[in-house]
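Listed below, chain by chain, are the residues.
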Amino acid sequence: MPAVRFQPGDTVMGRWPGSNLYYEVKVLRFDPKTQLYTVIYKDGTELELKDGDIKSLTGFKQGRSRSRSRSRSPARTRRSRSRSPARTVRRSSSRTTEVRKEKFKEVLEVRLTPVMYFKIFAHFCLILGVLFWLLFLPVMVLALLILCAQEDASLLNFPLTPPPLHSLWDCQVFGIVLLWLLFQAVLSLLPIGKVVEGMPLKNGKTLKYRINGFYALIFSAISVGAASYNEVDLSYIHGHFLQFYTSALIISILLSVYLFIRSRWAAVDDLAPAGNSGYVFYDFFMGRELNPRIKDFDIKFFCEMRPGLIGWVVINFAMLLAEMKHKNLDTPSPAMLLVNGFQLLWVADGLWHEEKLLTMMDIVHDGFGFMLAFGDLAWVPFTFTCQAYYLASHPSDLSAFWIVAIMIMNVVGYYIFRKANSQKFAFRRNPSDPALSHLKTIPTATGKSLIVSGLWGFVRHPNYLGDLIMALAWSLSCGFNHVIPYFYLIYLILLLVHRNARDEHQCRKKYGLAWGEYCKTVRYRIFPGIY
Ligand SMILES: NC(=O)c1ccc[n+]([C@@H]2O[C@H](COP(=O)([O-])OP(=O)(O)OC[C@H]3O[C@@H](n4cnc5c(N)ncnc54)[C@H](OP(=O)(O)O)[C@@H]3O)[C@@H](O)[C@H]2O)c1
Ligand SMILES: CC(C)CCC[C@@H](C)[C@H]1CC[C@H]2C3=C(CC[C@]12C)[C@@]1(C)CC[C@H](O)C(C)(C)[C@@H]1CC3
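Rules used in this analysis
- Every chain is numbered on its own, with residues counted from 1 as its sequence reads.
- Going through the entries in the order they are written, you letter the chains from A and number the ligands from 1.
- Note on the predicted model: pLDDT of at least 70 is required for a residue's local features to be given, and 80 or more for side-chain atom pairs to be given and counted; whole-chain, interface and lining totals, by contrast, use all residues.
- The side-chain values count all of the structure's non-hydrogen atoms but skip hydrogen atoms and water molecules.
- Note on terminology: near, applied to a residue and a molecule or strand, indicates that one of the residue's heavy atoms is within 4 Å of it.
- Surface accessibility in these figures is a Shrake-Rupley result with a 1.4 Å probe; residues are shielded only by whichever protein chains are displayed.
- When residues are grouped by polarity, Ala, Val, Leu, Ile, Met, Phe, Trp, Tyr, Cys and Pro land in nonpolar, Asp, Glu, Lys and Arg in charged, and all others, Gly among them, in polar.
- Cavity: a set of points on a 1 Å grid over the protein atoms alone where a 1.4 Å probe fits but cannot get out. Pocket: an open set with protein on both sides within 12 Å along at least five of seven lines, its lining residues, like those of a cavity, having an atom within 4 Å of a point.
- Grid points are joined across faces, edges and corners, and a volume is the space filled by probe spheres set on the points.
- A run of DSSP states H or I qualifies as a helix once it reaches four residues; a run of E qualifies as a strand once it reaches two. Both are numbered from the N-terminal end.
- Geometry of aromatic contacts follows a simple scheme: Phe, Tyr and Trp rings, the Trp one being its six-membered ring, pair when their centres are within 6.5 Å, and the pair is stacked under 30 degrees between planes, edge-to-face over 60, tilted otherwise.
- When accessible area is computed with a 1.4 Å probe and restricted to protein chains, residues below 20% of their type maximum are described as buried, those above 50% as exposed, and intermediate ones as partly exposed.
- Geometrically, a charge over a ring is one whose NZ (Lys) or CZ (Arg) sits within 6 Å of the ring centre while staying within 35 degrees of the ring normal.
- Two strands form a pair only when DSSP identifies at least two bridges running between them.
- Residues count as neighbours in contact if any of their non-hydrogen atoms are within 4.5 Å of one another.
- UniProt positions are given in the numbering used here, feature names are shortened, and annotations may be inferred rather than shown by experiment.
- Lines are fitted to the C-alpha atoms to define the axes, a helix being fitted only along its stretch in contact, and any angle between axes, read from their N-to-C directions, falls within 0 to 180 degrees.
- Crossing handedness follows the turn of the near helix against the far one: under a right angle anticlockwise gives a left-handed crossing, and clockwise gives a right-handed one.
- What goes into a patch is any residue over 30% in relative accessible area without a salt bridge, connected to like charges within 9 Å or, for nonpolar side chains (Val, Leu, Ile, Met, Phe, Trp, Tyr), within 5 Å.
- Note on definitions: salt bridges are taken to be side-chain nitrogens of Lys or Arg within 4 Å of carboxyl oxygens of Asp or Glu.
- Here Asp and Glu are counted as negative and Lys and Arg as positive; His is not counted, and neither are the chain ends.
- For this purpose, a charge sits on NZ of Lys, CZ of Arg, CG of Asp or CD of Glu.
- Roughly parallel refers to an angle under 35 degrees, roughly antiparallel to one over 145, roughly perpendicular to one between 65 and 115, and oblique to any angle outside these ranges.

Moving on, we get to the site of ligand 1. In the vicinity of ligand 1 there are 26 residues, among which Arg-428, Tyr-464, Arg-499, Asp-503 and Tyr-511 approach most closely. A total of 920 Å² of accessible area belongs to ligand 1 in isolation, and the protein chains cover 88% of it. In terms of residue class, the shell around ligand 1 is built from 16 nonpolar, 3 polar and 7 charged.

Below, the structure is given as structure tokens:
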């Protein structure tokens, strides 16, 4: 049994339930049976806290120099936090009521400052913003798909006539999507491929992941090929594309609700840094739990890499067959072949390097909520396929010159993307790797260094640049008749510019002056000479 660290009367720092905020509290007693401390906050609130939620004043002050957000009064920020079911709140005595009245007066006085008005306004905007994205994203994908299928796929055709609701639903399609998810889940659980450890979590532990994405791609390709060979008509996907989207959307909503509900029972250490504000819609959108798992099955890792990504290439193939069928072609058009080939390469590359995803912010930092569930299961397979969907019903006659130019562009983009990602990964794993000894570096106070030559000395995010060059090649394959095939490129520019800002903010915090020096040496973020 662990020793009792604190005695009645000790002043310590207690975590406010469901948040990462600590306040000064007094220990009232310790219950050896439940192993809980009863503590009293300055506003008279009595709570029972676990040992792990209490820090000594000295220990906390040392930690606080790292995190400055924890010294406010709980009464001022209580509305933004949720309560943990594991703990009980007791407020009873008249003394408590008196203290609370006093505190309420103080709170009102504080709230009436312009800063507090601004904060309330900012929170209000945040909730409105999240509600907007929750409704807007699914509708936008639907609009994109409707537009893509129209003979004249011009944006000028807005507003679109929405299809009748019942036409968006098909039980059989829903069943196929469920089967696809199940098939991919079974493949991911097969005892093939190595098992690796993820990055250390807040509590110092690591999770294990089975890396077999590339095998899953091969298995899926063989299964789809066999189905097609046995005259299963894959162009059915093209004919029922809206219904497929609706099914994926419904599943992503159900999954997000499940994730949100189960997060109520998650331990504090399992929660993501963002997504635990106490605002229901915001937390639902961002995701509360960092790595939700059912036994060893990691739901986030699975969704990020499997059903959507592999689904993307299967849908592309279905569009290729649909193009041949509808246009009575013996072979697919060159544009369709380019799009299929380029995107298959991108997906295969991602699955080949699946392990690297474990170090990315999506896995290490972001919670798994509606944004990623919808993103992985609906956004990726139904917007990333938009070029193939477009080509299935719109011609793009490419001259031999264009075909070669586009292929060169994709090769250049892929080279930059792969080389930059692999170089950084190898350098992080072993900075003294002899193969990287030619690279110039800047040391940082954390002990890690930053590469400042080669691709990482050209721009600060060469991997983003490579990705964008490839996206441009994919879009150019569809010609210049409509802007719709450029949707992916526009999305990627916005996403990567935002991601770059987020990443640079983190790096500035992590590396301080060294990051400043890196930015001075390598002036442009993504586009040389422009941004
Ligand atoms: N198609 C899509 O939808 C999509 C969306 C997002 C991302 N992506 C792709 O995913 C790939 C990974 O992107 P990511 O967003 O995870 O960012 P990333 O560029 O792979 O990682 C950024 C991190 O790299 C390290 N770093 C930065 N500059 C460095 C330098 N000069 N030397 C050494 N290390 C340095 C820093 O972390 P540490 O110092 O802590 O190691 C930084 O936080 C990219 O190729 C991107 O294009 C694709
Ligand atoms: C508007 C939204 C709903 C946006 C949703 C975005 C996410 C679906 C993407 C954000 C980062 C993306 C990403 C991959 C998949 C899609 C995202 C999660 C990725 C895992 C695909 C495989 C690649 O090789 C990759 C590892 C580079 C890539 C990383 C980023």
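Picking up where we left off.
Let us look at empty space enclosed by the protein. Under the defined criterion, the tally for this structure stands at 1 cavity of 30 Å³ or more. Approximately 30 Å³ is the volume found for the largest cavity. Lining the largest cavity are Ser-256, Leu-259, Phe-260, Asp-283, Phe-284, Gly-287, Arg-288, Phe-368 and Gly-369. Secondary-structure elements contributing two or more residues to the lining of the largest cavity are helix H8 (241-262) and helix H9 (280-286). By residue number, the principal contributor to the lining of the largest cavity is H8, which donates 3 residues. When the residues that make up the lining of the largest cavity are grouped by side-chain class, the tally is 4 nonpolar, 3 polar and 2 charged.

For the structure on display, the rule yields 34 aromatic pairs. When the ring of Tyr-245 is compared with that of Phe-382, the centres are 5.7 Å apart and the planes differ by 65 degrees; the resulting orientation is edge-to-face. Separated by 137 residues along the polypeptide, Tyr-245 in helix H8 and Phe-382 in helix H14 (residues 370-383) bring together distant segments of the chain. The buried category is assigned to Tyr-245, whose relative accessible area is 1%. Seen in terms of ring centroids, Trp-515 and Tyr-518 are 5.1 Å apart; in terms of plane orientation they differ by 65 degrees. Their pairing is edge-to-face. Taken as a pair, Trp-515 and Tyr-518 lie in helix H20 (residues 513-521) at a separation of 3 residues, close to a single helical turn. As far as burial versus exposure is concerned, Trp-515 and Tyr-518 are alike and both buried. Taking the ring centre of Tyr-209 as reference, the NZ or CZ of Arg-293 above it sits at 4.8 Å. Geometry around Tyr-531 places Arg-525 over its ring, the cationic atom sitting 4.7 Å from the centre.

What follows is about the pairing of strand E1 (residues 11-15). In terms of burial, E1 is largely enclosed, as 4 of its 5 residues are buried. Across 5 bridges, E1 lies against strand E2 (residues 22-31) in antiparallel orientation. Bridge assignment links Gly-14 to a residue of E2, and that residue is Tyr-23.

Turning next to unusual backbone geometry. Positive phi, close to 60 degrees, is recorded for Gln-35, a residue that is not glycine. Looking at where Gln-35 falls in the secondary structure, it is placed in the loop between E2 and strand E3 (36-41). One non-glycine residue, Asn-328, adopts positive backbone phi at about 55 degrees. Turning to its location among the elements, Asn-328 is positioned in the loop between helix H11 (307-326) and helix H12 (334-352).

Now for the side chain of His-482. In this fold, His-482 is placed in the loop between helix H18 (462-476) and helix H19 (487-511). Its relative accessible area of 15% is what places His-482 among the buried residues. Ignoring any residue separated from it by four or fewer positions in sequence, one finds His-482 in contact with Asp-152, Ala-153, Ser-154, Tyr-390 and His-394.

Bringing the site of ligand 2 into the picture now. Neighbouring residues of ligand 2: 16 residues in total, closest Glu-304, Gly-350, Met-360, Asp-362 and Gly-375. Taking 620 Å² as the accessible area of ligand 2 by itself, protein coverage stands at 85%. Looking at the shell around ligand 2, the elements with two or more residues in it are helix H10 (299-305), H12, H14 and H19. Here the shell around ligand 2 is composed, by residue class, of 10 nonpolar, 2 polar and 4 charged.

What follows deals with the side chain of Ser-263. By the secondary structure assignment, Ser-263 is in the loop between H8 and H9. With a relative accessible area of 1%, Ser-263 lands in the buried category. Those residues within four positions of Ser-263 in sequence are excluded, and the remaining contacts are Leu-271, Arg-288 and Glu-289.

Per the UniProt record, "transmembrane region" (unreviewed entry) is found at residues 120-147, 167-190, 211-229, 241-261, 372-392, 398-417, 438-459 and 471-497. Within residues 167-190, the helical portion is 79% and the strand portion 0%, while the C-alpha atoms at the span's ends are 37 Å from each other.

Geometrically, a packed helix pair is captured by the angle between its two axes and the distance between the axes. Close contact between helix H5 (residues 171-189) and H11 brings their axes to 10 Å; oriented N to C, the two are set at 115 degrees. Every pair of crossing elements has a handedness; the one defined by H5 and H11 is right-handed. Residues Trp-180, Leu-181 and Gln-184 of H5 pack against Pro-307, Ile-310, Gly-311 and Val-314 of H11. Residues of the contact of H5 with H11, tallied by class, amount to 5 nonpolar, 2 polar and no charged.

A grouping of Leu-155, Phe-158, Val-483, Ile-490 and Leu-494 is seen on the molecular surface, where their side chains present a nonpolar patch of about 470 Å² in accessible area. Mapping Leu-494 onto the fold places it in helix H19.

In this section: a positive patch on the surface. A cluster of basic side chains, namely Lys-424, Arg-428, Lys-448 and Lys-510, defines a positive patch on the protein surface. The exposure class of Lys-448 is partly exposed, given its relative accessible area of 37%.

To continue, consider the pattern of salt bridges. Scanning the entire structure with this criterion turns up 13 salt bridges. The shortest N-O distance in the salt bridge between Lys-208 and Glu-197 comes to 3.7 Å. Here the residue Lys-208 occupies a position in strand E8 (residues 208-210), and Glu-197 occupies one in strand E7 (residues 195-197), the gap between them amounting to 11 residues. Look at Glu-197 and you get partly exposed, because its relative accessible area is 49%. One salt bridge connects Arg-418 with Asp-349, and the closest N-O pair in it is separated by 2.8 Å. Of this pair, Arg-418 sits in helix H16 (residues 400-429) while Asp-349 sits in helix H12, placing them 69 residues apart in sequence. There is no split in this pair, since Arg-418 and Asp-349 are both buried.

As a further point, take the packing of H16 against H18. H18 packs onto H16 with a crossing angle of 160 degrees between their chain directions and a minimal axis gap of 7 Å. Regarding the angle of H16 to H18, the classification is roughly antiparallel. Viewed along their axes, H16 and H18 form a crossing whose handedness is left-handed. Seen from H16, the contacting residues are Trp-402, Ile-406, Met-409, Asn-410, Gly-413, Tyr-414, Ile-416, Phe-417, Ala-420 and Asn-421; seen from H18, they are Pro-462, Asn-463, Gly-466, Asp-467, Ile-469, Met-470, Leu-472, Ala-473, Trp-474 and Leu-476. Among the residues forming the contact of H16 with H18, the class breakdown is 14 nonpolar, 5 polar and 1 charged.

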